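# Inside the fold
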Amino acid sequence: MTDDAVVFEKVGRTAIITLNRPQKRNALCEAISEAMPAALRAAREDREVRSVVLTGAGGSFCSGFDLGSLDPGDEPAFAGRELVLGFHRWFGELQDLEKPVIAAVDGVAVGAGFSLALAADFVFVTPRTRLLPTFLGLGLVPDLSMLYALPRLIGLARAKEIVFSARALGAEEAIGLGLAQTVVAPEQLRDSVLEYARQFDEAPTHALGLVKTLLNRSFETDRHAMNQFEALAQSLCGDSNYHAEAVRRFLAKEGLPYRGAARLAP
């Protein structure tokens with residue numbers, strides 16, 4: 001592991017993006033905010049990359065924003081707004097990345113770190129994982145899209161209970177709520193996530209990306225508009241080389257290039 005705030009590496013067809021401030025439990029800071037766009041761009045533009053793993057170094061996922069690093073500048077009343085919007089410039093890219101994103105969450109995911117985990121398509125946790133929506137304890141509101149994502153994932157009433165109480169969620173409760181897919185031992189987390197990610201190595205990248213994009217907008221889009229998007233996406237995919245090869249294999253009674261990802265078992 002280097003001294004960089006964010007480390008990018010490739011293992012096979014999986015890109016691993018690691019928050020690398022273990023001495024601060026990977027708290028978000030300006031250095032991470034400056035490094036994330038390049039890491040996400042590398043994952044997006046590399047055609048060999050079929051999936052992305054997001055994790056943290058040193059036994060923690062992310063302890064939220066590094067409160068000690070905030071510089072109020074000349075306009076302290078607007079410093080928080082500029083800070084949050086600055087993070088959203090790369091956070092939106094993470095949410096919209098048209099490749100499967102798997103969060104490997106060991107240890108704490110506090111505040112904005114909790115929000116960061118929610119941006120992934122799949123979440124792996126360990127028995128020592130703690131998801132902590134601590135915002136109200138600091139007199140703040142949830143940020144990095146938690147107010148948007150959490151009620152869509154678990155329902156409005158449960159989202160209110162969790163955010164209002166500012167209590168910790170353990171691994172089993174996170175799985176029960178549907179916020180995480182599986183729990184594995186800390187020493188097995190990296191291997192388990194990479195094994196799951198490899199299931200996407202032969203996936204139809206463009207079709208999967210379109211599916212993810214449309215699903216992410218399904219709550220805000222009416223049925224008629226979604227049907228139009230669906231038809232356009234199907235037309236694109238139906239004219240792709242991937243589809244043509246899949247049809248050829250199907251008619252020849254050969255194995256399809258992609259048979260689906262392995263089922264997660266808690």
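Located above this text is the structure these notes cover.
The structure contained in this document is the topic of the report that follows. (Residues numbered from 1 in each chain as written. Predicted model: local features only at pLDDT ≥ 70, side-chain atom pairs only at ≥ 80, totals over all residues. Heavy atoms only, no water.)

The next subject is the sheet that holds strand 4 (residues 101–105). As a general point, the strands of a sheet are linked pairwise by backbone hydrogen bonds and lie either parallel or antiparallel. Across the sheet, six strands lie side by side as 1-2-3-4-6-8; this open sheet has mixed pairing. Unpaired on one side and paired on the other, strand 1 (6–11) and strand 8 (182–183) mark the two borders of the sheet. As defined by bridge partners, strand 1 adjoins strand 2 (residues 14–19) across six bridges and the pair is classed as antiparallel. The residue of strand 2 that forms the bridge with Val7 is Thr18. (Pairing = 2+ DSSP bridges. Helix = DSSP H or I, 4+ residues; strand = E, 2+ residues; numbered from the N terminus.)

Bringing the pairing of strand 3 (residues 51–56) into the picture now. Most of strand 3 sits out of view: six of its six residues are buried. Residues Ser51, Val53 and Thr55 of strand 3 are buried on one face, and the alternating residues Val52, Leu54 and Gly56, pointing to the opposite face, are buried as well. Pairing geometry for strand 2 and strand 3, over six bridges, is parallel. Pairing of Leu19 across the sheet is with Gly56, part of strand 3. Read from strand 2 through helix 1 (residues 30–45) to strand 3, the crossover connection turns out right-handed. Bridge count between strand 3 and strand 4: four bridges; the pairing is parallel. Paired with Leu54 across the two strands is Ala103, which belongs to strand 4. (Buried < 20%, exposed > 50% of the residue type's maximum accessible area, 1.4 Å probe, protein only. Right-handed = clockwise from strand over helix to strand, strands pointing away.)

Moving on: helix 5 (residues 156–165). For helix 5, the set of buried residues is Ala159, Ile162 and Val163. One side of helix 5 holds all its buried residues, which, seen down the axis, span an arc of 90 degrees. Exposed side of helix 5, more than 90 degrees from the buried face: Ala157 and Phe164 are the residues found there. (Arc of directions from axis to C-beta.)

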